[in-house]
Amino acid sequence: MADSGLLLKRGSCRSTWLRARKARPQLILSRRPRRRLGTLRWCGRRRLRRRLLQAQAAGVDWREGARQVSRAAAAGRKTAPSPIPSPTPASEPESEFESASSCRRPLLIPPVRPVGPGRALLLLPVEQGFTFSGICRVTCLYGQVQVFGFTISQGQPARDIFSVYTHSCLSIHALHYSLPEKSKKELKREARNLLKSHLNLDDRRWSMQNFSLQCSIVLLEHLKTASVNFITSYPGSSYIFVQESPTPQIKPEYLALRSVGIRKEKKRKGLQLTESTLSALEELVSVSCEEVDGCPVILVCGSQDVGKSTFNRYLINQLLNPPFTHLRTPQKMVYYGKPSCKNNYENYIDIIKYVFSAYKRESPLIVNTMGWVSDQGLLLLIDLIRLLSPSHVVQFRCDHSKYMPDLTPQYVDDMDGLYTKSKTKMRNRRFRLAAFADALEFADEEKESPVEFTGHKLIGVYTDFTYRITPRNRESHNKILRDLTILSYLSQLQPPMPKPLSPLHSLTPYQVPFNAVALRITHSDVAPTHILYAVNASWVGLCKIQDDVRGYTNGPILLAQTPICDCLGFGICRGIDMEKRLYHILTPVPPEELRTVNCLLVGAIAIPHCVLKCQRGIEGTVPYVTTDYNFKIPGASEKIGAREPEEAHKEKPYRRPKFCRKMK
């Protein structure tokens, strides 16, 4: 390699090599690699250049390493191999991080190291990120990292992370953290002590060899819980979490991450926040922490697929620092039963008033809105702003979104809503704002000095997603997310690990008498003689109304109007016993809360098809599934979520499923 500094002779590959040399003058190949470069294809040249750049970024002199490898190989041919000493137990060296820099091999940036079956170690330099798809359990062993606005520090418990393909991939970013006034050697010793309970000697030594100030060490583990096992047990659901690479790879990094259950993705596939989004987040977090006269009410609006829900989750993670992959029991919940409020605006407004009345201004309130911002949807949004009187309105827009006027305080005051009039007209069509404000329940200290509803501050946010949801795939993605939510809720019925999964048809349902609960179909007008047809094998909301339904000797008890009431949870009506007049309800709601349920609401939210089609252990005809179905019947072709064209699923009237058994 003495002629490594010679200029390249003229040849067929001269222009290609000169371009590479001008881009990186430090990367100079010898004569033999240059000849090999001329015979390589463009993809091989790109791989070679990427390896050289990785070696340079890792701070390794690849030419010096190559010389030492060549000398060692030559010495091995001249001398006989020495016997390998048998391992003897010895105390750990004081400096595990000391090693010869000449033997250090080029590392990937960021480096990933397998540390056992289903476990990998990730070393992130400060302000670097690792974008991935799949599911895993993340533990920050040293330093501080952030995932989707949620900060994970050393000493905190492990977090379960889900990065599904229907959204932008998640990234693990290393953050700046305060360092004590210690030397680098003392910091390494402290980090080594933190790693002892998680890693063996070789893995700790590797970590210390690549240790740098402000770096973060993250442990990635294979995620195996009852919820994950339940969701992936259905065919077609496992690919949502983990997708195999289109081209098989044998790289150590790929194999290590595959054992964990994730795959490294390009940075452009991760969540990219614009400057306006980051500025809005910083302002709202600062206002929430510094506001003295109550907590802010933040309303987020914009058209479909501009990032409203993503922004809300990111903001909530920064405000409250909660686990972001788990369902939580809400403080106040009403089951609306439909994905849209079209043709039922007044009921939608009444539900919002009912839920908002429980807000005590003890913490920031984040209000998400629909993506319907044209025609009557815009008028309905103006009504919501007047009713909720938010302190901040975050308005999203992007290049592909529909036109939407700036919702400034002046614009909201001058425009008529769907049910409210502008302030200049001083009257409302259906209800007055003052009457609504008087109906709100405030805390005792706020009754003496009630909060005055003033104008809001408008914050404009521009988003530019590289991945666009088109009208063609929006229906499919919405159905996937809805099904995942329902399956995650039903997974609470499963026993804890390591017990095996129990099929839903093997679980014992609750028996509910006809005269103990009232029934109501929320999304459609159903004749009383067909109510039980609609309830059977349906997703039901378990609600509590103020009226006393007891005293009726027979049933079913039917409601003439949809009540606005508290929803305590959900369940499946998996069978109806007409002889004993019983509903068979399968739900994870605790028995002490079920005693207060006296109403069942059935909406347009359907049970995932995989729950009905994939019933293990069923022989013969699968209950509630048929291919002999007439779509010409009125109402038969109405979409609920997204219908699969191959098969139709319809509940059969009054037929007790073969898997249903009574509670003993």
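The structure this text deals with has already been given above.
About the cut-offs
- Residues numbered from 1 in each chain as written.
- Predicted model: local features only at pLDDT ≥ 70, side-chain atom pairs only at ≥ 80, totals over all residues.
- Heavy atoms only, no water.
- Helix = DSSP H or I, 4+ residues; strand = E, 2+ residues; numbered from the N terminus.
- Contact = heavy atoms within 4.5 Å.
- Pairing = 2+ DSSP bridges.
- Axes fitted to C-alpha atoms, helices over the stretch in contact; angles between N-to-C directions.
- Parallel < 35°, antiparallel > 145°, perpendicular 65-115°, else oblique.
- Left-handed = near helix turned anticlockwise from the far one by under 90°.
- Nonpolar A, V, L, I, M, F, W, Y, C, P; charged D, E, K, R; others polar.
- Patch = residues over 30% accessible without salt bridge, like charges linked within 9 Å, V, L, I, M, F, W, Y side chains within 5 Å.
- Areas by Shrake-Rupley, 256 points an atom, 1.4 Å probe, with all protein chains shown as cover.
- Salt bridge = Lys/Arg side-chain N within 4 Å of Asp/Glu carboxyl O.
- Lys, Arg positive; Asp, Glu negative; His and termini not counted.
- Charge placed at Lys NZ, Arg CZ, Asp CG, Glu CD.
- Buried < 20%, exposed > 50% of the residue type's maximum accessible area, 1.4 Å probe, protein only.
- Expected span 1.5 Å × (residues − 1).
- Polar contact = N/O pair within 3.5 Å; in protein donor to acceptor, adjacent residues only side chain to side chain.
- Core = buried A, V, L, I, M, F, W, Y, C linked by side-chain atoms within 4.5 Å.
- Domains from an automatic or database assignment.

1. Describing the overall build of the chain
No. 1: Helix and strand content of the chain: 20 helices and 22 strands.
No. 2: Considering only residue pairs separated by 6 or more positions, the chain has 78% of its internal contacts joining residues 24 or more positions apart.

2. Digging into the environment of glutamine 492
No. 1: Looking at the element boundaries, glutamine 492 is found in the loop between helix H17 (471-490) and strand S14 (510-513).
No. 2: On a C-alpha basis, the gap between glutamine 492 and valine 589 in space is 9.1 Å, while along the polypeptide they are 97 residues apart.

3. Here we look at the pairing of strand S5 (residues 150-153)
No. 1: Here strand S4 (residues 144-147) runs beside S5; their pairing, made up of four bridges, is antiparallel. Opposite glutamine 146, over in S5, you have threonine 151 as the bridge partner.
No. 2: Here S4 folds back onto S5, and the loop between the two strands holds two residues, one of which, phenylalanine 148, carries a positive phi near 55°.

4. Considering the packing of helix H12 (residues 345-356) against helix H13 (residues 376-388)
No. 1: Where H12 meets H13, the axes come as close as 11 Å, and the angle between the chain directions of the two elements is 25°. It follows that H12 is roughly parallel to H13 by the angle criterion. As for the relative orientation of H12 and H13, their crossing is right-handed in sense. Of the residues in H13, those in contact with Tyr345, Tyr348, Ile349, Ile352 and Phe356 of H12 are Gln376, Leu380, Asp383, Leu384, Leu387 and Leu388.
No. 2: In the contact of H12 with H13, the residues fall into nine nonpolar, one polar and one charged.

5. A look at a positive patch on the surface
No. 1: On the surface, a cluster of positive charge is contributed by Arg46, Arg47, Arg50, Arg51, Lys251, Lys266 and Arg268.
No. 2: The exposure class of arginine 50 is partly exposed, given its relative accessible area of 36%.

6. A few points about unusual backbone geometry
No. 1: A cis amide bond, omega 5°, links methionine 497 with the succeeding residue proline 498.
No. 2: Mapping proline 498 onto the fold places it in the loop between H17 and S14.
No. 3: Positive phi, normally seen in glycine, also occurs at arginine 581, with a value near 55°.
No. 4: If you trace the backbone, arginine 581 turns up in the loop between strand S18 (566-577) and strand S19 (582-586).

7. Comments concerning the pairing of S18
No. 1: The element S18 is largely enclosed, with a buried count of eleven among its twelve residues.
No. 2: One ladder, built from six bridges, connects strand S16 (residues 539-544) with S18; its direction is antiparallel. Paired with lysine 544 across the strands is aspartate 566, a residue of S18.
No. 3: Between the antiparallel neighbours S18 and S19 lie four residues, among them arginine 581 with a positive phi of about 55°.

8. Points about helix H11 (residues 308-320)
No. 1: Between its first and last C-alpha atoms H11 spans 18 Å; for 13 residues at 1.5 Å apiece the expected length is 18 Å, and the two agree.
No. 2: Among all positions in H11, only Lys308, Thr310, Phe311, Asn312, Tyr314, Leu315 and Asn317 are buried.

9. Brief notes about helix H6 (residues 201-209)
No. 1: If you check which residues of H6 are buried, you get Asp203, Arg204, Trp206, Ser207 and Met208.
No. 2: Capping the start of H6, asparagine 200 holds a side-chain oxygen 3.4 Å from the backbone nitrogen of aspartate 202, two or three residues further along.

10. Overview of the nonpolar core
No. 1: Counting 54 residues, the largest nonpolar core has Leu490, Leu504, Trp539 and Tyr583 as the members making the most contacts within it.
No. 2: For this core, the element with the most residues is H17, which contributes six residues.
No. 3: No fewer than three residues from each of domain 1 (112-269) and domain 3 (506-614) sit in this core.
No. 4: Discounting chain neighbours no more than four positions away, the residues touching leucine 504 are Phe230, Tyr234, Leu490, Leu493, Gln494, Arg574, Leu586 and Val611.
No. 5: The next biggest cluster of nonpolar side chains, apart from the first, holds 39 residues, and it includes Phe132, Val147, Val218 and Phe396.

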